Amino acid sequence: MSGAAGLGVDVGSTTCKAVAVDRAGRILAWRVEPTHPRIEPQVTRLLGALREEAGDAPVGATGYGRKRVPSGRALTEITCHARGAFARTGAAGLLVDMGGQDTKVIRMGPAGEVLDFAMNDKCAAGTGRFLEVILGRLQVPFAEVADQAARAERAVAVSSTCTVFAESEVISLVADGAPLEGIVKGLHQALAARVAALARGATGPGEVFMSGGVALNAAMVGALREALGRPVRVLPEPQLVGALGAALSVVPGAA
Amino acid sequence: MIWRRARYEAAGRVVGPVIASLDAWQRRRGRRGRGPRGGPFGPPLESVAKLKELMTVHYYQGRYADGAVPVAWVTSGFPVEVLRPLGFHTVYPENHAAMCGVQRLVPGLSDAVEAQGYSRDLCSYVRTDLGSVVTGRTPVGRLPRPDLLACCTNICQTVLYWYRALAAHFGVPLVLVDTPYVYGPEAKPHQLAYVRDQLEELVRVAEKVSGRRAEPEALAEVARLAKEGTDLWAECLATGRERPAPWTGIDGFFHMAPIVALRGTEECNAYYRLLRDELKDRVRRGIGGLREERHRLLWDNLPIWFAVREVATLLAERGFNFVCTSYTNAWAEAGSRIDPSDLIGSAADSYTHIILNQDLPNRLGILRRLARDYGVDGAVLHSDRSCKPYSIGQVDLRDRLAAELGIRVLLLEADHSDPRAWASQQGENRLTAFMESFG
């Protein structure tokens, strides 16, 4: 096995992702952990583990904590997600990245370049945090979310996508005896509508791809597919796409 | 009255200039050993010292204006040319609020009026101004009490409610110039006649308040000065078409103070002659606003006053310069239709065609023209929480600019003066991603 050609770290608001890639962009080793408030020691430890497993290589860093990554080349998540997604797909398209704090919609050109992007602004609505807060309130464990939504006979409309307002709205719905499954489904629909608005109908050439931790939630993928009226392709290891892009940014000649 | 008038004149002619030169001396002393403005920026403009002096004297003299001369508080888009011949000292609450914005005084002032029931969703200029009135806090020492409030709806409708609140507070007359919104390339004759009638009424009210008569020669002279000032400002801005641009967009934001607050005066024009000459000299010598200009950008909407340097520096470090802004350009166009032979009629025409009083196709036309004339390869549209009329339609403007001109366009959410509506980290992230997309 050839050694690592690049290491990538994506220090997100919720999780910290690290990958080692070879010259061809294959992932040799990876780690995902909840982001620690002390970023430097955590990143140093994760990189140390990757180096041990796959060998030493230059470091690319992205995510909110990218400036805290020692001797890393820092790039924004938008650039890195596009680069990582293109490495996976090799095609132009629309990438929806749903993370803990941000939801990004990135339009990628035929060479994987960022043509345009939109993000939720200063607000947790439309992000993983929104689901985390409300599902926490409903005591629905993450593993059961998709099943619950699938079991719903019909969705209960949740009109607010503001995390604070939606939380109290959901409390009222529960108090009124609305079925839990229907509320879970309604939440995903509300969230998907918000993301679809950000994507402005997802026009433009190419497929719709999805990355980020929220892409692991099948209920969200389904709701987004419905809201956009187009197929949504979840990228392999969706959580690692940003870190992959960061790693590729330091590999000479990589996509 | 005579004593107050003498004090006002002394403040403007003697004491103000002395204070301004003391300030300048202190700044020079403070800077000694630190060298000129460094980092990614080119050498600073020498005219800045004169700009600071001009505005310091204006605000210092203003402290002694009430009781000495008639005082009018006016909106930025008000046809001030009509008031100048009557000897009014004019105060621009928006200009003052911008100063408070730069100094990050807005949250404190806003809290004072929010406690009275004003919503935080109101324009931050309104909250700043009312907050300053309520608390008496201002970075300029003191604002003179108005004898007349003069408001024109060509920049927004909010000004009407804002100035009504001021009228209730001060108990002085409020004149309103209502400018019908312009759909299509030009206002209709009946719309202009409607504005003209109001300006004629304004003259009568202003004459009554000031106790003076508006002589036709004096009106013509102010009109000539305002037009000349506008043309000089346009000349200054046009130097940004050169490569490299001899200054930065943020320089433009600060240097617009005289054309806003002192339009129609010889001091204003003298200043812009100085600035124009310096800018043209820099062009001749190839001195840029940035040390290395790699990309040229257009800025739309008001600046983010409290973060203007933060944003400009972040961009400048990668060689991005704002070479033109629709906001500073608005003052190069406002007075261009002024005709000294018919001040009232031409002012009606001119002030009805302010950018914010025009429909979206017209606004797109202005942005398109600026983008082409200044050879920009990108644009940042500031979606300003406080300025809805300026921000509405920007999503479509972004798409059209990107599609028609093939330039990269970023929509950036912020506020012109309330830092509580600005997430610095997220703003930086968007701007950085935008710059990275240039490759």
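Look up a bit, the structure's there.
Reading guide: rules and limits
Residues numbered from 1 in each chain as written. Chains lettered and ligands numbered in written order. Predicted model: local features only at pLDDT ≥ 70, side-chain atom pairs only at ≥ 80, totals over all residues. Heavy atoms only, no water. Helix = DSSP H or I, 4+ residues; strand = E, 2+ residues; numbered from the N terminus. Rg over C-alpha atoms; globule rule 2.2 N^0.38 Å. Buried < 20%, exposed > 50% of the residue type's maximum accessible area, 1.4 Å probe, protein only. Contact = heavy atoms within 4.5 Å. Areas by Shrake-Rupley, 256 points an atom, 1.4 Å probe, with all protein chains shown as cover. Lys, Arg positive; Asp, Glu negative; His and termini not counted. Charge placed at Lys NZ, Arg CZ, Asp CG, Glu CD. Salt bridge = Lys/Arg side-chain N within 4 Å of Asp/Glu carboxyl O. Pairing = 2+ DSSP bridges. Axes fitted to C-alpha atoms, helices over the stretch in contact; angles between N-to-C directions. Polar contact = N/O pair within 3.5 Å; in protein donor to acceptor, adjacent residues only side chain to side chain. Parallel < 35°, antiparallel > 145°, perpendicular 65-115°, else oblique. Left-handed = near helix turned anticlockwise from the far one by under 90°. Nonpolar A, V, L, I, M, F, W, Y, C, P; charged D, E, K, R; others polar. Buried area = accessible area lost by both parts, 1.4 Å probe. Patch = residues over 30% accessible without salt bridge, like charges linked within 9 Å, V, L, I, M, F, W, Y side chains within 5 Å. Expected span 1.5 Å × (residues − 1). Core = buried A, V, L, I, M, F, W, Y, C linked by side-chain atoms within 4.5 Å.

Colleague: Which residues make up the overall build of chain A, and what values go with them?
Modeller: Regarding its fold elements, chain A presents eight helices and ten strands. For chain A, the C-alpha radius of gyration of 19 Å lies close to 18 Å, the compact-globule estimate for 255 residues. Along the first, second and third principal axes, the C-alpha set of chain A runs to 60 × 40 × 30 Å. When the 255 residues of chain A are sorted by exposure, 53% land in the buried category. Here the contacts in chain A between residues at least 6 apart in sequence split such that 65% fall between residues at least 24 apart. For chain A, the accessible surface area stands at approximately 10600 Å², while carbon and sulfur atoms represent 54% of it. Side chains of chain A give 26 positive and 24 negative charges; the mean places of these two sets differ by 5 Å.

Colleague: Go over the pattern of salt bridges, please, and point to the residues and values.
Modeller: Residue and element names in this part refer to chain A. Within the structure shown, the criterion is met by 46 salt bridges over all chains. Between Arg 45 and Glu 33 there is a salt bridge, with its nearest N and O atoms 2.9 Å apart. With a gap of twelve residues between them, Arg 45 in helix α1 (residues 39-54) and Glu 33 in strand β3 (residues 27-34) connect regions that are remote in the sequence. Accessibility expressed as a relative area gives 48% for Arg 45, which makes it partly exposed. Here Glu 77 makes a salt bridge to Arg 66, at a shortest N to O gap of 3.2 Å.

Colleague: Which residues make up the sheet that holds strand β1 (residues 71-74) of chain B, and what values do they have?
Modeller: Residues and elements named next belong to chain B. Strand order in the open sheet formed by four strands is β2-β1-β3-β4, with parallel pairing between adjacent strands. At either margin of the open sheet sits one strand with a lone partner, and together these are β2 (89-91) and β4 (174-177). When the angles between neighbouring strand axes are averaged without regard to direction, this sheet yields 25°. By the bridge criterion, four bridges tie strand β3 (residues 148-152) to β4 in an arrangement that is parallel.

Colleague: Outline the side chain of A:Asn217, supporting the account with residue identities and numerical values.
Modeller: Residues and elements named next belong to chain A. Here Asn 217 lies in the loop between β9 (207-211) and α7 (218-228). The exposure class assigned to Asn 217 is buried, which follows from its relative accessible area of 3%. A distance of 3.0 Å separates the side chain of Asn 217 from the side chain of His 188, its partner in a polar contact. Not counting residues up to four positions away in its chain, the partners in contact with Asn 217 are Leu 131, Phe 142, Val 145 and His 188.

Colleague: Describe the packing of helix α6 (residues 180-199) of chain A against α7(A), and please don't skip the residues or the numbers.
Modeller: Residue and element names in this part refer to chain A. Close contact between α6 and α7 brings their axes to 8 Å; oriented N to C, the two are set at 50°. Classified by the interaxial angle, the pair formed by α6 and α7 is oblique. At the point where α6 passes α7, the crossing takes the right-handed sense. Judged by residue contacts, His 188, Gln 189, Leu 191, Ala 192, Ala 193, Val 195, Ala 196 and Ala 199 of α6 engage Ala 219, Met 220, Ala 223, Leu 224, Glu 226, Ala 227 and Leu 228 from α7. Taken together, the residues of the contact of α6 with α7 sort by class into twelve nonpolar, two polar and one charged.

Colleague: Pulling in residues and values, what's your account of the interface of chain A and chain B?
Modeller: Where the parts come together, the accessible area they lose is often given as the size of the interface. At the interface, 19 residues of chain A touch 21 residues of chain B. Taken together, both faces of the contact between chain A and chain B bury some 1700 Å²; the carbon and sulfur share is 40%. For the salt bridge of B:Glu428 with A:Lys67, the shortest nitrogen-to-oxygen distance reads 2.3 Å. Counting every contact that joins chain A to chain B gives six residue pairs in polar contact (both at pLDDT 80 or more). Broken down by secondary-structure element, the contributors of at least two residues to the side of chain A that touches chain B are α2 (77-89) and β8 (114-119) of chain A. Tallying contributions element by element places β8(A) first for the side of chain A that touches chain B, with five residues. Of the residues in the side of chain A that touches chain B, the class split is eight nonpolar, four polar and seven charged.

Colleague: Pulling in residues and values, what's your account of unusual backbone geometry?
Modeller: Cis geometry is found at the peptide bond from B:Arg243 to B:Pro244, where omega equals -5°. Secondary-structure assignment places B:Pro244 in the loop between α8 (216-238) and α9 (249-255). Of note in the backbone geometry, A:Glu237 takes a positive phi value of approximately 45° without being a glycine. Among the structural elements, A:Glu237 can be located in the loop between β10 (232-234) and α8 (241-248). Given a relative accessible area of 41%, A:Glu237 falls into the partly exposed group. With a phi angle near 90°, B:Asn301 is a residue other than glycine that sits in the positive phi range.

Colleague: Tell me about a positive patch on the surface, residues and numbers included.
Modeller: Taken together, the side chains of B:Arg27, B:Arg28, B:Lys52 and B:Arg309 present a region of like positive charge at the surface. Classification of B:Arg309 as partly exposed rests on a relative accessible area of 46%.

Colleague: Go over helix α5 (residues 124-135) of chain B, please, and point to the residues and values.
Modeller: All names here are of chain B. The end-to-end C-alpha separation of α5 is 16 Å, in line with the 16 Å expected for twelve residues at 1.5 Å each. Counting buried residues in α5 gives ten out of twelve residues, a clear majority hidden from the surface. Of all the positions in α5, only Ser 124, Tyr 125, Val 126, Arg 127, Thr 128, Asp 129, Leu 130, Gly 131, Ser 132 and Val 133 are classed as buried. Where α5 is buried, its residues contact β1, α3 (93-102), α4 (106-114), α6 (158-170) and α13 (326-333). Positioned one or two residues after α5, Gly 136 has a phi angle of 75°, which is positive.

Colleague: Explain the nonpolar core residue by residue, including any values.
Modeller: Residues and elements named next belong to chain B. Counting 146 residues, the largest nonpolar core has Leu 83 and Trp 233 as its most contacted members. The biggest single contributor to this core is α6, with seven residues. What Leu 83 contacts, discounting residues up to four positions off in sequence, is Ala 72, Val 74, Phe 78, Phe 88, Leu 148, Ala 150, Leu 202 and Ala 206.

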